Structure formats: C-alpha cells, structure tokens
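A structural walkthrough
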Amino acid sequence: MSLNIVRYENGNGIGLVLISNPPVNALSAEVVAGLRKAVDIFEADTSAKALVLHCEGRTFVAGGDIANFETPNFDTRPFSSLLSRLDESPRPVVATLHGTVLGGGLELAMSCHHRLALPDTRLGMPEVKLGLLPGSQGTQRLPRLVGVPLALDLMLTGRFISAQDALAAGILDEIASDDSLALGIAAAERLAEANLPVRRSSTLNVSADAATRQALAEATARAAKKPNYPALGAIVRAVEAAVNLPFSDGEEMEAREFDQLRLSSTSRALRHLFFAERTAARIPGLSREGAAREVHSVGIVGAGTMGGGIAMNFANVGIPVVLVEATDEALKRGLSVVRNNYEASAAKGKLSKEEVEKRMSLLNGSLDYGSLASCDLVVEAVFEDFYIKKDVCARLGQICKKGAIIATNTSTLDVDLLAEATGRPADVVGMHFFSPANVMRLVEVVRGARTAPDVLTTAMRLARRIGKVPVVSGVCYGFIGNRMLDPYIREMEFLLLEGAEPQQIDNAIESLGMAMGPCRMSDLSGVDIGAKVVNGRLEAGELPPDPSYRVVVRKLFALGRCGQKTKAGYYRYDGRTPLPDPKIVDICADLAREHGIARRRDIKDQEIIERLMYPLINEGIQILDEGIAYRPGDIDVVWTAGYGFPDYRGGPMFMADQIGLSEIKNTLDHYARMRGNQFGYWTASRLLESLAATGQRISAWTKQ
Ligand code: 3HC
Ligand code: NAI
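Bear in mind that the values here come from a model prediction, so they are computed numbers and not experimental data.

Notes on the pairing of strand E6 (residues 114-117)
Alternating positions in E6 separate into two faces, His114 and Leu116 on one and Arg115 and Ala117 on the other, with burial throughout. Inspection of the sheet shows strand E4 (residues 93-97) paired to E6 by four bridges, in the parallel sense. Following the sheet pairing, Ala95 is matched in E6 by Arg115. Of the pairings in the sheet, the one linking E6 to strand E9 (residues 174-175) comprises two bridges and is parallel in character. Looking across to E9, one finds that Ala117 is bridged to Ile175.

Take a look at the structure:
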C-alpha cells in the first residue's frame, strides 16, 4: 500500500514525508501515488509550518523506477506536477539527502526549497546512461541552480558529484554532519520561523552569458557526432529551452523529448543492459546472501600482460597482492609496467602521486611460490599452455592454505582438467579477465563441474568489489565470449578467401557500431595468439574436418605477420595506424586457389554483416540451450562489457530479437544453400529453430 511506502507524520508542527521503498527508494508508481497522497495531506494540514522529505534505508530516492519505463503509457507528467506543487508551496519544503541522489531523486530534491545532505552523499543525473534525459523538470531546474556549463556536463556524462562539490555548485544548501533528519527538521523550523519567501529553483534566472553559449555550442557539436545516442541532442535542446523559454514551456518540451527517447531503440537497449548486468550477478540455485569466503589478500602467478593488469584491480581497492614470477627479469618488467600504468593515470590527473605509491606498496613481487601460502585467493595467469598451467595448478594445490581459492585466467583451456590438477577441484574457479585487465569491465567467472558454491559466490562478489561486471559461464571451449567469436572469425577468414579485403570487412562491422572490426582486433590481440589456439585445437582434434578452416591466421603466423606488434598482420602498420596491404590480397588469393575456393567481386557489406553476426548469434543461442550461459542477458553483458559490442544495440541476443529470429534462421538457411553446409556451419541451433518457428523472442527465454 502506498501509504506504507510513503508515510506522512506531523511532529511538533513540522510535516514529515518518509519514503521507504527498498533497495534504493526508486520512484515506482506506488511511491509517486504515496507522495501525492502525502502532499495532499500536508497541503490540508494547516498546523504544519514546513515540510521535510526524508528517505529510509541506504539512500534517498536513486531515480525513477527504470522497470516502470516499459509500461506502455508511462508518463513523467504526473510526477512533475507533484514536484511543481512542492516547489509552489508557500511553506518551506526541506529535503534531507543521503546515499545516491540520482535522476528523479535529484529532481525531487531540487523541487524542494532547501537541501541538506550527509557528507558522503553523491548526486547525479545518470538518465543519459539509459538513453534518456531527466524527465521531471531536471533539465529546467539544474541549469537554474548551477548554470548551463555544469548542468550540461552532469547531464551529458551522467557522472556523480560529491556532496562537497554539490554544495560549492549550488545544488545543496548545507552538509549535515550526521542525523540528517534531525538537522532537516531543525532547518525546516528555522526557515518557517524566519518567515521569508521560499527560494524556488523554478524562478531562478539562467545566465545566458558567453560561457553558456559556448557550452551549448560545444555540446551541440559533440551530440551531433553521436547520432546513436539521441539523448545527447535532446538534453542540449532541453537546456537551451531552459535558457530561452519560461519554465513551464521548457518542462513541456522536456516531457515530449522524454516520451520519444523512452520509446527509442537506444534507450530500450540500455535499459535492458542495466538490468542484465545486475541480473548476471545472480546464480540460479544460490541465495544472494549465501555463504562466501573472506578475501583479504590475493596472489597472482605470472606478471605478464594479464597478471599485472589483474593485480592493479585488487590494489585499486586496497587488497594486498603477491605477484609470483618465474624469473627476476619478468617480475621486474611486470612491476614496472604496472607502475607505468599508474604513473600515466597520475600524469592525466586521474590519480595523485601518493595514491600511486600507496597502490604500488600493496603489490609485492616474489620468485617464491611459498609466498602464496597465506593468500585467500590466487589467480594463475601464466602462459596459455596446458602443461605449464597443469604444473602451476598442481603446485598451487599443495601450497595454498586450506580454504584458499585457486582461480585460473585461462581463455581456452579446460577448467575442469586444471581443477583436477590442483587435487582440490572444489576450490577452483575460472576468472577470465579481458585485456587490458585493469580497464575492461567483463570477468567471465567459470563454474567448473566441481566448483564449490561458496567459491563461485566469492568470485562473483569479488569481481563486483573490484568494479567488474561478472558473468557466469560453464566450461566449454572459449567459454561464452570466445566461443561465440569462433564462427565470427571463421566467416571473416572465408570472406577474405572469397575476395573481401580486411578494410571492407572491418568497415562493414564497424558500421554496426562494433568498437573494432575483426581484422583490426586480431592484429591488436596478436595473430600469433589466435594461430596458436587454432593449432592447439587442431592437434587436439577439436577442429571441423575442413582443410580450409582458419587457414588465413595460420598462414599469417607462419609468415611472421603477428599483427600490430610486428607491424604487419591483416594490415601493415604505420605506428598504430593500419594501412591496407596488397600482400594480404595475394596471400588470400593463393590460399583460396589452394583450397578450391572461388574468388568473387560481389561481396556486399550486408553479406559481411550477416555472415559474421548471424552465426555468432546462433552460437549464443546454442550456448543457452546447453546451459553454458544462464540467460540471454548474460550473453549481452559479455559482448557489451568485453567485446566492444555497441551498447545501443543491447548485445547480440537483444539485437537478434530486433532482427527477428525467423529472419536469422532463414538467412542461415540461405547461406547453407549458397556456401554448402558440409561442416554444419549454417545449421541453426535447435533452440533457434524452435523459437523462430513459434515466433518467440530469445530475450524472453528462460531455461526450463
Ligand atoms: N529503478 C529500478 N531499480 C533500481 C534502480 C532504479 N532507478 N536503481 C537501482 N535499482 C535496483 C537494481 O536493479 C538492483 O536490483 P536487484 O538487487 O534486484 O538486482 C538494486 O536496485 C540495487 O542496485 P545495484 O545493484 O546497482 O546497487 P549499487 O549499490 O551498486 O548501486 C545505484 C546503487 C548507484 C543507485 C545504482 O543502482 C544506479 O546507478 N541505479 C540507477 C540510477 C538511475 O539511473 N537513476 C535514474 C533513473 S531514470 C529517472 O530517474 C528518470 C527521471 O528523470 C524521470
Ligand atoms: P604473458 O606471456 O604476457 O604472461 C605470462 C607470464 O607468466 C610471463 O610473464 C611468464 O614469465 C609467467 N610465467 C610463465 N610460467 C610461469 C610459472 N611457471 N610461474 C610463474 N610465472 C610464470 O601472457 P598473458 O597474455 O598475460 O596471458 C596469461 C594468461 O591470461 C593466459 O592464460 C592467457 O590465455 C590469458 N588471457 C590472456 C589475454 C590476453 O589478451 N593477453 C586475455 C584473457 C586471458
């Protein structure tokens, strides 16, 4: 009942509205209804001299309820008119803030006449991250309170600011040392006593000075460069309205823009990802409050590209790390790369010099595996070689203390076999970080056949603690992401053999919004790495019996064209700039001849997109059917957080529904006819087939 979620009390002549809608006091329809009722009561309660708005629990209102935006006739206007009633109240209205005051929460606060906050409160307008603009007067009030340049900055980036910065900027009137409610009531009494006209943010003037004009011009230009994020332009237009139009006209324009954005494919995709990222943290069958192991110290074996980056993640949150290497030289190199990374951040002003030293002091190098004995969790990040890893895992099984977790960062090897090698498989989990490990948000947490539930839970919570987005994957070649990458790269190579050039393939894929096309990506991650994986799988008998499978990568590797690091791969390089290389055309033409593949001149961008993306989607659906990924949203998170898939398309599963599953199925059939299907490359997954036949969506699918 709304009155339980929102309560009205009158204590000694001060009206008090208490909101209690855990976990984050989001503005659900019930909260808005409850608020309306409470304001009705306050308006009729002539014995109340002032009103205080306060939230129970961990935060003041953290925004509109994002799930509500799916309701067909959702409208921000009812909430906005409630805010106008608070704003227009002749009696003072005070907001007491704590936690994260975001979006509709900040809009609610700004409609009050006085705002005070606890010192660790953070405030922001993150609607843009959902493809929206603040839809309840925020675009009109914030510029009036802080000026256009800062208002645009906050709304266009969605970044949070501290209470101290908000006070300096004019969003807050006071910082409360503690007990914000008592201080809020005191402020309300003071204001009522003073009997002065209240300060309404709606009536403040927006400065239209040179800085305002410049900020608007720059924001307009930046928004124009990102047409896939229509909220950017809408925010600028709404702020322009705040400068040029009366409050009520600006408010109406903002509401119209919100309506349009809410229905846009970008916002739908971003909202989907908001919930998908959070849902991914849940492990079916395990309670969210379930037991986990304590992790106060971490060991890392191997201080190479990945080990160093992984270590930084832990040091960044104050967890001490022991880095163990095979040689002194490798250890020194590893630690110096980490230091250089931190110093580069310091040079950009992102980190203080003291912070660099503090983080470095948490990293201790060693050549002695014995120094891992006291660690709560050890991540192995040594060479991707099964026998080396098996040996390292066996040693860790002996050395690590009882109850310590052993995590492997392998990208392609069998986590279950490595787990067995430790002699304590229940303690083993995969933690597959992505390169650069200190930057990329994704961690695939690989659940082995015998991984203990508390080990899985610990890995998930730890990943969240270091700011990552964890997604659980079962054990299979490549886990979720690299397994889906396999058919994508396969088709990239076949298209090269048939006559497409790397730049055409990359351009076509980048036109979809992928951060990088597959040829550039392969050059960056290393043709040698890709070729070694293919060669290893060939030796293990894991490849399809197709002599032309992945011949390009193997040939380039044999020619020493390892990508950017050797200045030649699918491209040649001028520094880091890829340039078309005629030699690639010759290499591919020779390989095509060798394998009896006809060269064509009619390869269109649409074919490239279909041949790369549809088998990738098909593999994703197959992975769901096999239970390797728990949910379609998990796959979308993997691709958007780890592989540069455009967030405005929501991920490959979300995109599949936009394209239509039957369209995808028919297109796979088309290529099966056109290319032949001897090796099953175009066979639709059973699940895709059945969903396409019954007109269902993959995003809505759950495993029975
Ligand atoms: N609506 C609905 N649910 C929300 C929500 C919101 N605005 N904000 C958080 N939640 C839910 C999450 O889905 C999660 O649910 P779950 O536990 O069932 O998975 C739970 O609250 C806790 O969220 P987090 O796991 O993210 O908790 P954190 O402590 O890490 O972060 C937070 C808290 C900073 C508030 C973060 O959740 C966040 O950034 N939320 C989004 C805030 C936002 O975008 N607000 C603007 C909304 S749009 C709006 O206000 C429109 C208005 O202008 C009209
Ligand atoms: P790397 O070659 O940069 O580093 C490996 C390090 O391990 C080297 O410094 C080496 O000296 C050290 N090492 C080797 N044997 C050792 C031993 N027995 N004891 C202690 N140290 C030892 O390799 P990279 O790229 O860091 O890869 C490490 C792991 O991370 C591999 O499993 C790889 O598949 C995985 N990975 C790599 C990604 C990448 O993009 N580089 C992405 C995701 C995972």
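Brief notes about the domain arrangement of the protein chain
Here the protein chain is partitioned into domain 1 (6-263), domain 2 (298-473) and domain 3 (481-700). Taking the mean C-alpha position of each, domain 2 and domain 3 sit 30 Å from one another. Around 1,000 Å² of area is buried between domain 2 and domain 3 when both sides are counted, 61% of it from carbon and sulfur atoms. By the criterion of area lost to domain 3, the three top residues of domain 2 are Leu442, Arg447 and Val471, representing 35% of everything that side buries. For the interface between domain 2 and domain 3, the tally reads zero salt bridges. Viewed at the interface, domain 3 and domain 2 are joined by two residue pairs in polar contact (both at pLDDT 80 or more). Of all the secondary structure elements, the ones that give two or more residues to the side of domain 2 that touches domain 3 are strand E16 (442-446) and strand E17 (469-473). For the side of domain 2 that touches domain 3, the element with the most residues is E17, which contributes four residues. Broken down by class, the residue content of the side of domain 2 that touches domain 3 amounts to seven nonpolar, four polar and three charged.

Concerning the pattern of salt bridges
If you walk through the whole model with that rule in mind, you get 47 salt bridges. When the shortest N-O distance is used, the salt bridge between Glu257 and Arg237 registers 2.8 Å. A residue pair is termed long-range when its members are at least 10 positions apart, and Glu257 in helix H11 (residues 247-262) and Arg237 in helix H10 (residues 230-244) qualify at 20 residues. Residues Glu329 and Arg333 are paired through a salt bridge, measuring 4.0 Å at the closest nitrogen-oxygen approach. On the criterion of helical spacing, the pair formed by Glu329 and Arg333 is a turn pair, its members being four residues apart in helix H14 (residues 328-347). Connected via shared salt-bridge partners are Arg490, Glu491, Glu498, Arg600, Asp602, Glu607, Arg611 and Arg675.

Re the UniProt feature "domain: 3-hydroxyacyl-CoA dehydrogenase NAD binding" (unreviewed entry) in the protein chain
Under the UniProt annotation, the feature "domain: 3-hydroxyacyl-CoA dehydrogenase NAD binding" (unreviewed entry) is placed at residues 298-473. With 43% helix and 20% strand, the stretch residues 298-473 has end C-alpha atoms that lie 22 Å from each other.

Let's talk about H11
Compared with an ideal rise of 1.5 Å per residue, which puts 16 residues at 22 Å, H11 spans 22 Å between its outermost C-alpha atoms and is within 8% of the ideal. Turning to H11, its buried residues number three or more, namely Phe247, Gly250, Glu251, Met253, Glu254, Ala255, Glu257, Phe258, Leu261 and Arg262. Its buried side turned inward, H11 meets helix H3 (77-88), helix H5 (138-146), H10 and helix H12 (265-279).

Observations concerning the sheet that holds strand E11 (residues 321-324)
Taken together, eight strands build an open sheet; the order of strands is E12-E11-E10-E13-E14-E15-E16-E17 and the sheet is mixed. Strands at the two margins of the open sheet, each flanked by one partner only, are strand E12 (363-366) and E17. Strand-to-strand, the axes of this sheet are offset by a mean angle of 25°, without reference to chain direction. Of the strand pairs in this sheet, E11 and E12 are connected by four bridges, and their pairing is parallel. Across the sheet, residue Val324 finds its bridge partner in E12, namely Ser366. Most of the contacts of helix H18 (residues 453-465) go to strand E15 (residues 428-433), to which it runs at about 25°, and overall it touches strand E13 (377-380), strand E14 (405-408), E15, E16 and E17.

A short note on the environment of Thr694
Structurally, Thr694 can be placed in helix H29 (residues 686-694). The exposed category is assigned to Thr694, whose relative accessible area is 51%. Along the sequence, Thr694 and Ser662 sit 32 residues apart, while their C-alpha atoms lie 9.1 Å from each other.

Details of the sheet that holds strand E7 (residues 122-124)
Strand order across the open sheet formed by three strands is E5-E7-E8, with mixed pairing between neighbours. Sheet topology places strand E5 (100-102) and strand E8 (160-162) at the edges, where each strand pairs with a single neighbour. On average, each strand axis in the sheet is inclined to that of its neighbour by 25°, with strand direction left out of account. Here E5 runs beside E7; their pairing, made up of three bridges, is parallel. Among the inter-strand pairings, Val101 is bridged to a residue of E7, identified as Leu123.

Points about the packing of helix H20 (residues 502-511) against helix H25 (residues 605-626)
Between H20 and H25, the shortest axis-to-axis distance is 9 Å and the interhelical angle comes to 75°. Considered as vectors, H20 and H25 are oriented roughly perpendicular to each other. For the pair H20 and H25, contact is made by Gln504, Ile505, Ala508, Ile509 and Ser511 and by Asp605, Ile608, Ile609, Leu612 and Met613, respectively. Looking at side-chain class alone, the contact of H20 with H25 contains seven nonpolar, two polar and one charged residues.

Considering the UniProt feature "domain: 3-hydroxyacyl-CoA dehydrogenase C-terminal" (unreviewed entry) in the protein chain
When the UniProt feature table is mapped to this numbering, "domain: 3-hydroxyacyl-CoA dehydrogenase C-terminal" (unreviewed entry) covers residues 478-573 and 608-695. As annotated, residues 478-573 comprises 59% helix and 2% strand, and the C-alpha atoms at either end are separated by 29 Å. Annotation note: span residues 608-695, helix share 70%, strand share 0%, distance between end C-alpha atoms 26 Å.

Description of the site of ligand 1
Residues in contact with ligand 1 amount to 26 residues; listed here are only the nearest, Arg58, Gly64, Glu127, Arg278 and Arg282. Interatomic distance of 3.0 Å between a backbone N/O atom of Gly135 and an oxygen atom of ligand 1. Arg278 places a side-chain nitrogen or oxygen 2.6 Å from an oxygen atom of ligand 1. Look at ligand 1: alone it shows 980 Å² of surface, and the protein chains cover 80% of it. At the level of secondary structure, the elements contributing two or more residues to the shell around ligand 1 comprise E5, helix H4 (104-110) and H12. In terms of residues, the shell around ligand 1 owes the most to one element, H12, which gives three residues. Each residue belonging to the shell around ligand 1 can be placed in one class, and the counts come to 12 nonpolar, six polar and eight charged.

Conventions we followed
- Residues numbered from 1 in each chain as written.
- Chains lettered and ligands numbered in written order.
- Predicted model: local features only at pLDDT ≥ 70, side-chain atom pairs only at ≥ 80, totals over all residues.
- Heavy atoms only, no water.
- Buried < 20%, exposed > 50% of the residue type's maximum accessible area, 1.4 Å probe, protein only.
- Helix = DSSP H or I, 4+ residues; strand = E, 2+ residues; numbered from the N terminus.
- Pairing = 2+ DSSP bridges.
- Domains from an automatic or database assignment.
- Buried area = accessible area lost by both parts, 1.4 Å probe.
- Salt bridge = Lys/Arg side-chain N within 4 Å of Asp/Glu carboxyl O.
- Polar contact = N/O pair within 3.5 Å; in protein donor to acceptor, adjacent residues only side chain to side chain.
- Nonpolar A, V, L, I, M, F, W, Y, C, P; charged D, E, K, R; others polar.
- UniProt positions renumbered as here; feature names shortened; annotations may be inferred.
- Expected span 1.5 Å × (residues − 1).
- Contact = heavy atoms within 4.5 Å.
- Axes fitted to C-alpha atoms, helices over the stretch in contact; angles between N-to-C directions.
- Parallel < 35°, antiparallel > 145°, perpendicular 65-115°, else oblique.
- Near = heavy atom within 4 Å.
- Areas by Shrake-Rupley, 256 points an atom, 1.4 Å probe, with all protein chains shown as cover.

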